[in-house]
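# Descriptive structure summary
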Amino acid sequence: MAALEEKTSQQDTMTFIRSIQDTYQKADSFYNAVQDTSVRTRTRPINQSLGIFNSLTIFGGGFISLGVLGFLIFLWTGRGTDGGLTATPLWRWIVLGQYIVPTITLSSVLLRLANASQAAVCTSLGASILLEKNGVPLSQVAEVSVLRGINDGPLRLVWLLVTSPRRAAASQTALMMLLLVGSIAIQFSSTMLVSDLQLSRLVQNPTEQLMGIDQNDQNFDALSQFNVFASKPNIMLFGEVPSNMTAAPNSLGLSDTGIVKRIFLPMTPDSQLNLRRFDGVAFVMNSRFACMRPVLKDPVVKVTTTGSFVRFFGNGTNQDISYSLRMGGEIDHASTMKNAGIDFPDDCPGGTCLPARYNCSLPFTINTSNRFSSSMCMPGLLQAVRRLSEDWTMAKGPVASFSLVYLMTRINRTTGEWGDTGSTWRLDDDDLEPSNEWISYRTADRGNMDFTICYEQLTIDRATVSMSTNTDIVPPALAFNATSKDVQTLPLRQQLGAANDSQPRNGLFQVDSYSNVSRTLTTSFIAVQLTLNSFAFTKNLTIVTSGGKGTTTLPLHNDYTSVFTDIMGTVDCPALALQAMMTMLTSSMLADMLPKLDQQQTAATVYSVSESTPVRFTGLIAVTVVVIFNLMCVALITTLFLLRTRYSYPGNVWQAVAHLSMSDETQSLLEESGEATDGAVSKRLKNNDPCVKVDRSLTAGGFCVAVVIYHTPGGMLIVEDTPETPCIRANRGRLRQLLSTGVDIRWDKKAARIEESDDKVTVFFEDGTLASGDLLVGADGTFSAGRFQQSSLSAPTSWEKPTKRLLEAYPSLVLAGETTLSGAEMEEQLRLGHSAYIAFGPDYTLFSGINRVHDDGKSADFYWVMAQNDATVGQPDHWVMTATKGDKFERAKRNAQALKPEFRVTIEKGGVQGMKSAKMWYDASITKVPPVNRVVLIGDAAHPMTPARGEGAIFAIKDAVQLGKVIASSDRTDLISLRTALDEYQKDILEKGYESILLGRDTLPKARTGAERPKAWGHEMRPLAELKPLPIKIAE
């Protein structure tokens, strides 16, 4: 019985309850540490063997490692196509935000942390396997044992394995060395991963920019440009709307480019670098060039002098000479277009609106006649003037009323071949030969003179476009080659579509959409600038384009000359050459005008940037191999630990230290090494260093595996501790000692009476003392005084009174005794049932079980209880009331003769001196008690039961825990609610106890007849076919 003193608080009560729970947790640890070797092959549940923290480390670390590895694979393979444009938002955020290196570093840190944690746990597991399976030298057992509880990785354990004079299993050493190698390799994961990074081009996210696309009507003067041909061309990138037209001349000598739409972005050349996409308003250059064989009326060539003030241009050199060739005549546009098979413009019948009279300068070479020099002459610019006043559009045919006219010439004659100044030569049609779009005047003494006439249509519009490219476009450069002394024009000619067919187009944006075409004053002004201002409003303007000398009214930059010359020399197409020159001119003019445009609109642009991205897979593959390798090592070590160990609990330092004191060798060594160094201990054991292993401890403080075997007439039945049927047996004295830890117990107190009032309960003891408190817990067993208080009975005057009033005697004579066994006899008893068994005689049952293992681990105390059917037990004249120990021993010995010899050992070895006082078993059919005031019952005080099912202590512990929860969750200041809760508790435990009492009365009789499979410790017994040999040897 326990009484709570008045000053004892509810917190003290809960402390007591928690101490019970803590004690049983300790008991559980003891139980697992000494579990019977007969079930050693059964693996422990992971949560018991590894523990929650180690399980989380092993499995959580594995998931983290695999998760990080999957994330790294995502980084390496998630780029997608189109420069990362199809990658996921997360991938783009990491890479474009320049977080790739920090992300790799963080991922590597997680891998290293997970691996380091797993390696530490696996070191504990490896040390446990080593101690239990292989054993270690005594000189190393302390360090290896401690490594089970705390360590910083496998290095020290590997060192011990390698340097140990007694080699462990090669597989064990190799496995730990592999774990160490993997742990070291993972430290370089960041270095390996970063080695895969290289700079590569990635497409950024769209951004919006303001761009000039128009000009205020009052401010066009700021855009005016003159003599653009004299300046170095400024090459801009552009896109081109696909067209099926070709400039190849037909059979009539017509070379027509068709309408070509080239779209220039409203961006300066520098801002176009690395551009991948543009969505907005842009400028559209619409152009069409048609060249054909001209019909020239009365062409006359005259040699004249120019004086020293006329400068001649060509091939990038300038010099003053007093020599000039001019040709005059009239162009017959009607015959020209008729011969080419094209119609006149509707608004220009007969071509009368086009300039016909010309007086153009001709090119020439000075000393060499094996090369052509060329020029172009513009008879008039009136058509360009018309563009200012008319709403003109591109014509359906090759020629429009506003077309500019170019008379293209190429000649391979020198100055000496033309004669002196004042010489005149009339070109005769008889010498005329057509060739594609050219007509050639060929004479033996004067060389060749080729002419073609070209008509230009060119407009500038504005349109909403979407253009893109899958790669970075590099603007074509016109680089001067110092070796060949010329300009390298191929990249630009490829962009302009004026190279050989074998040389594909490049440097172009792809036009994805093209809409909302419009024309403004600004675009019209730009178109006029391309003609009037560029050509200086000059009639009969002549430009020497390549290969020679000549009088020109407009200087031409050498880049234009080089492009024109190379186009004529490779594809021999003046239409493409003219279109190329006008595209270059448009690009240069727009590049100059764009910064000056004062009307802006928003456009969406996408650029590419150089960012570090995973390009190679060498580092990733290496890290993947290391991670998988480490996980395999962890899995293998964990599996071996679960299968091969039984007693070690990694991470528990106290257990690791406690195991050192569980053998004679280590115990004596610990006692003698309090001030010794490790080196001193090793030196001392140098010549006597036995192998030490952790094995089952038979001195585990009174707690042992719970296994009971019924040897019934119908066969054997067993209940043993498993995850499904957990149970533990404990020495009652040891259990009582553990439960009393931290509890103030007043011994040798007997209750005389109990008084309750509204504010307290008081217990009066026989020695005259008393104790008062808020609540009295009747925990005084079968003969409880508290049960009388609840039954409203007067206090007993003797302990017999409870028996007569409430208790029911079990109809069995109970004899009991003790003995000490060792060696083979101890092994035999453990084989029959560790830690207990029940054998059935004709009219009795014999219970035999281990009570306490001695410190040497080779002997133990056993006790036995024989319950024989006897309906007269308890009567005053029953023979046992006056029997001596000898009488009781003889009765027990005589009864046991019906059993096999091995079942008689504990009785016979105990002899008379081992006999204990005869006992009677009682139970009680208590189904209800008065409402609780301030007295409650637990255990046998509430529901006294026989030990037939082994559930008395189980019910008592469960009652105590349940009562503690009720008290802890109740409000002490609210007496009514507290009483209600306690009353519900009392009814609940009485109901459950009564059910067990009824079942206990029939357990042994039904087990004897086989009518029903009995239960023990709350678990149904299962059949056992045969006893297993005890796998340990106790006898010498």
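Computed from a predicted model, the values in this text were never measured in an experiment. (Residues numbered from 1 in each chain as written. Predicted model: local features only at pLDDT ≥ 70, side-chain atom pairs only at ≥ 80, totals over all residues. Heavy atoms only, no water.)

## Digging into the overall build of the protein
To be explicit about the condition: Numbering of helices and strands runs from the N terminus; a helix is a DSSP stretch of H or I covering at least four residues, while a strand is a stretch of E covering at least two. Exposure is judged per residue with a 1.4 Å probe applied to protein chains only, and the accessible area is read against the type maximum: over 50% gives exposed, under 20% gives buried, and values in between give partly exposed. The contact definition used throughout considers only heavy atoms, calling two residues in contact when any of these lie within 4.5 Å. Exposure was quantified through the Shrake-Rupley algorithm and a 1.4 Å probe, taking into account, for residues, occlusion by the shown protein chains and nothing else.
Across its full length, the protein holds 28 helices and 43 strands. The proportion of buried residues among the 1036 residues of the protein is 51%. A separation of at least 24 residues holds for 78% of the contacts in the protein among residues at least 6 apart in sequence. Here the protein displays about 47,200 Å² of accessible surface, and carbon together with sulfur accounts for 54% of that area.

## Some remarks on helix 16 (residues 574–593)
Applicable threshold: Multiplying one less than the number of residues by 1.5 Å gives the expected span of a helix.
Here helix 16 spans 28 Å end to end across 20 residues, near enough to the 28 Å set by a 1.5 Å rise per residue. When you tally the buried positions in helix 16, you get 19 out of 20 residues, the bulk of the element.

## Considerations on a nonpolar patch on the surface
Defined as follows: Each patch is built from residues that are more than 30% exposed by relative accessible area and take part in no salt bridge. Like charges join if they lie within 9 Å; nonpolar side chains (Val, Leu, Ile, Met, Phe, Trp, Tyr) join within 5 Å. Definition used for salt bridges: Asp or Glu carboxyl oxygen within 4 Å of a side-chain nitrogen of Lys or Arg.
Side chains of Ile64, Leu106, Val109, Leu110 and Leu113 sit close together on the surface and give an oily, nonpolar patch of about 420 Å² of accessible area. The element contributing the most residues to the nonpolar patch is helix 5 (residues 100–134), with four residues. Along the polypeptide, Leu113 turns up in helix 5.

## Section: the environment of Ala656
The topology assignment puts Ala656 in helix 18 (residues 653–658). Along the chain, Ala656 and Val146 lie 510 residues apart, while their C-alpha atoms are 5.5 Å from each other.

## Quick look at the packing of aromatic side chains
When we look at a pair of aromatic rings, we describe it by the centre distance and by the angle of the planes. Test applied: Between the rings of Phe, Tyr and Trp (Trp by its six-membered ring), a pair exists once the centres lie within 6.5 Å; its type follows the angle of the planes, with under 30 degrees stacked, over 60 edge-to-face, and the other angles tilted. Whether a charge lies above a ring is judged from NZ of Lys or CZ of Arg, which has to be within 6 Å of the ring centre and within 35 degrees of the ring normal.
This model, assessed by the stated rule, comprises eight aromatic pairs. When the ring of Trp93 is compared with that of Tyr99, the centres are 4.7 Å apart and the planes differ by 45°; the resulting orientation is tilted. On the basis of relative accessibility, which here comes to 54%, the residue Trp93 falls in the exposed class. Taken together, a centroid distance of 5.4 Å and an interplanar angle of 45° make the contact between Phe238 and Phe264 tilted. On the criterion of sequence distance, the pair formed by Phe238 in strand 5 (residues 238–240) and Phe264 in strand 7 (residues 260–264) is long-range, its members being 26 residues apart. For the pair formed by Phe238 and Phe264, the shared burial category is buried. When the ring centre of Phe955 is taken as origin, the NZ or CZ atom of Lys958, which lies over that ring, is 5.7 Å away.

## Here we look at the sheet that holds strand 32 (residues 770–773)
Applicable threshold: A pair of strands is treated as paired once DSSP finds two or more bridges between them. All axes here are fitted lines through C-alpha atoms, helices being fitted over the stretch that makes contact, and every angle between N-to-C directions spans 0 to 180 degrees.
Taken in spatial order, the three strands line up as 30-31-32 in an open sheet, and their pairing is antiparallel. Two strands bound the open sheet, and with one partner strand each, they are strand 30 (751–756) and strand 32. On average, adjacent strands in this sheet sit at an angle of 15° to one another, irrespective of strand direction. One ladder, built from four bridges, connects strand 31 (residues 761–765) with strand 32; its direction is antiparallel. Within strand 32, the residue paired with Phe764 across the bridge is Leu770.

## Things to note about the state of the cysteines
Rules: In this description, a disulfide is simply a cysteine sulfur pair whose atoms lie within 2.5 Å.
Using the criterion set out here, one finds three disulfides in the structure. A sulfur-sulfur distance of 1.9 Å marks the disulfide that ties Cys291 to Cys454. A torsion of 110° about the S-S bond marks the disulfide between Cys291 and Cys454 as right-handed. Within this pair, whereas Cys291 is found in strand 8 (residues 275–292), its partner Cys454 is found in strand 19 (residues 447–468), the two being separated by 163 residues in sequence. There is no split in this pair, since Cys291 and Cys454 are both buried.

## Topic: the UniProt feature "transmembrane region" (unreviewed entry) in the protein
Stated formally: UniProt positions are given in the numbering used here, feature names are shortened, and annotations may be inferred rather than shown by experiment.
Under the UniProt annotation, "transmembrane region" (unreviewed entry) lies at residues 50–78, 90–111, 174–194 and 617–643. Between the first and last C-alpha atoms of residues 90–111 the distance is 21 Å; the span itself is 86% helix and 0% strand. Helix makes up 96% of residues 617–643 and strand 0%. Its end C-alpha atoms lie 38 Å apart.

## With respect to unusual backbone geometry
Of note in this structure, Gln98 is not a glycine but carries a positive phi near 60°. Topologically, Gln98 is positioned in the loop between helix 4 (89–96) and helix 5. If you check the backbone angles, Asn436 has positive phi at about 55° while not being a glycine. Structurally, Asn436 is set in the loop between strand 17 (432–435) and strand 18 (438–443). Relative accessible area serves as the criterion here: at 40%, Asn436 is assigned to the partly exposed category.

## Section: the pattern of salt bridges
Throughout the structure, instances matching the rule amount to 28 salt bridges. In this structure, Arg462 and Asp214 form a salt bridge, with 3.1 Å as the shortest nitrogen-oxygen distance. With a gap of 248 residues between them, Arg462 in strand 19 and Asp214 in strand 4 (residues 207–214) connect regions that are remote in the sequence. Among the residues examined, Arg462 registers a relative accessible area of 14% and is labelled buried. Several salt bridges share partner residues, and in doing so they unite Arg201, Arg276 and Asp472 into one network.

## With respect to the confidence of the model for the protein
To be explicit about the condition: On a range of 0 to 100, pLDDT expresses the predictor's confidence in each residue.
Residues with a pLDDT of 70 or more make up 83% of the protein, whose mean pLDDT is 80. Throughout residues 1–42 the model reports pLDDT below 50, and contacts reaching past four residues in sequence, or to other chains, amount to 93 contacts.

## Structural notes on the pairing of strand 31
Consecutive residues of a regular strand have side chains that alternate between opposite faces of the sheet. Counting buried positions over the five residues of strand 31 gives five, a clear majority of the element. Alternating residues of strand 31 divide into Val761, Val763 and Phe765 and Thr762 and Phe764, and every residue in both groups is buried. Here strand 30 folds back onto strand 31 in antiparallel fashion, the turn holding four residues. Hairpin geometry of strand 31 and strand 32 is characterised by an intervening segment of four residues between the two adjacent antiparallel strands and by a positive phi of about 90° at Gly768.

## Some words on the sheet that holds strand 43 (residues 1022–1024)
Read across the open sheet, the seven strands follow the order 35-38-37-36-27-28-43; overall the sheet is mixed. In this open sheet, the two strands that pair with only one neighbour each are strand 35 (812–822) and strand 43. Across the sheet, the axes of successive neighbouring strands diverge by a mean angle of 25°, strand direction being ignored. Across four bridges, the pairing between strand 27 (residues 707–712) and strand 36 (residues 836–840) is parallel.

## Regarding the side chain of Arg262
To be explicit about the condition: Think of a polar contact as two N or O atoms within 3.5 Å of one another; within protein, one of them needs to be a possible hydrogen donor and the other a possible acceptor, and neighboring residues in sequence only count if both atoms come from side chains.
Note on placement: Arg262 falls in strand 7. Reaching out from Arg262, the side chain makes a polar contact with the side chain of Thr583 at a distance of 2.7 Å. Contacts of Arg262, omitting those with residues within four sequence positions, involve Phe238, Gly239, Glu240, Phe283, Val284, Met285, Leu496, Arg505, Gln579 and Thr583.

## Thoughts on a negative patch on the surface
Definition in use: For the purpose of charge, His is not counted, nor are the chain termini; Lys and Arg are scored as positive and Asp and Glu as negative. All charge positions are set by atom: Lys at NZ, Arg at CZ, Asp at CG, Glu at CD.
Taken together, Asp298, Asp428, Asp429 and Asp430 make up a surface patch of like negative charges. With respect to the helices and strands, the residue Asp429 is situated in the loop between strand 16 (424–426) and strand 17.

## Section: the pairing of strand 28 (residues 715–720)
Burial of strand 28 is extensive: five of the six residues sit out of reach of the surface. Linking strand 27 back to strand 28 in an antiparallel pair, the connection comprises two residues. Sheet analysis places strand 28 next to strand 43, joined by three bridges and oriented antiparallel. Within strand 43, the position partnered with Met716 by the bridge is Leu1024.

## So, the packing of helix 27 (residues 952–969) against helix 28 (residues 975–1009)
For the record, the criterion: Angle categories are assigned with fixed cut-offs, so that under 35 degrees is roughly parallel, over 145 is roughly antiparallel, 65 to 115 is roughly perpendicular, and the rest are oblique. Note on convention: the crossing is left-handed when the near helix lies turned anticlockwise from the far helix by less than a right angle, right-handed when the turn is clockwise.
Helix 28 packs onto helix 27 with a crossing angle of 165° between their chain directions and a minimal axis gap of 10 Å. The pairing of helix 27 with helix 28 is recorded here as roughly antiparallel in orientation. Once helix 27 is placed against helix 28, the crossing between them reads as right-handed. Counting all contacts with helix 27, which are made through Phe955, Asp959, Gln962, Leu963, Val966 and Ile967, the residues of helix 28 involved are Ala981, Leu982, Tyr985, Asp988, Ile989, Lys992, Gly993 and Ser996.

## Comments concerning helix 4
For helix 4, the full list of buried residues reads Trp91, Arg92, Ile94, Val95 and Leu96. As for helix 4, its buried residues are in contact with helix 3 (52–77), helix 5, strand 3 (197–203) and strand 24 (599–614). In the segment just after helix 4, Gln98 is the residue with positive phi, at about 60°.

## Side note on the side chain of Thr583
With respect to the helices, strands and loops of the structure, Thr583 is situated in helix 16. Given the relative accessible area of 2%, Thr583 is considered buried. Reaching out from Thr583, the side chain makes a polar contact with the backbone oxygen of Gln579 at a distance of 2.8 Å.

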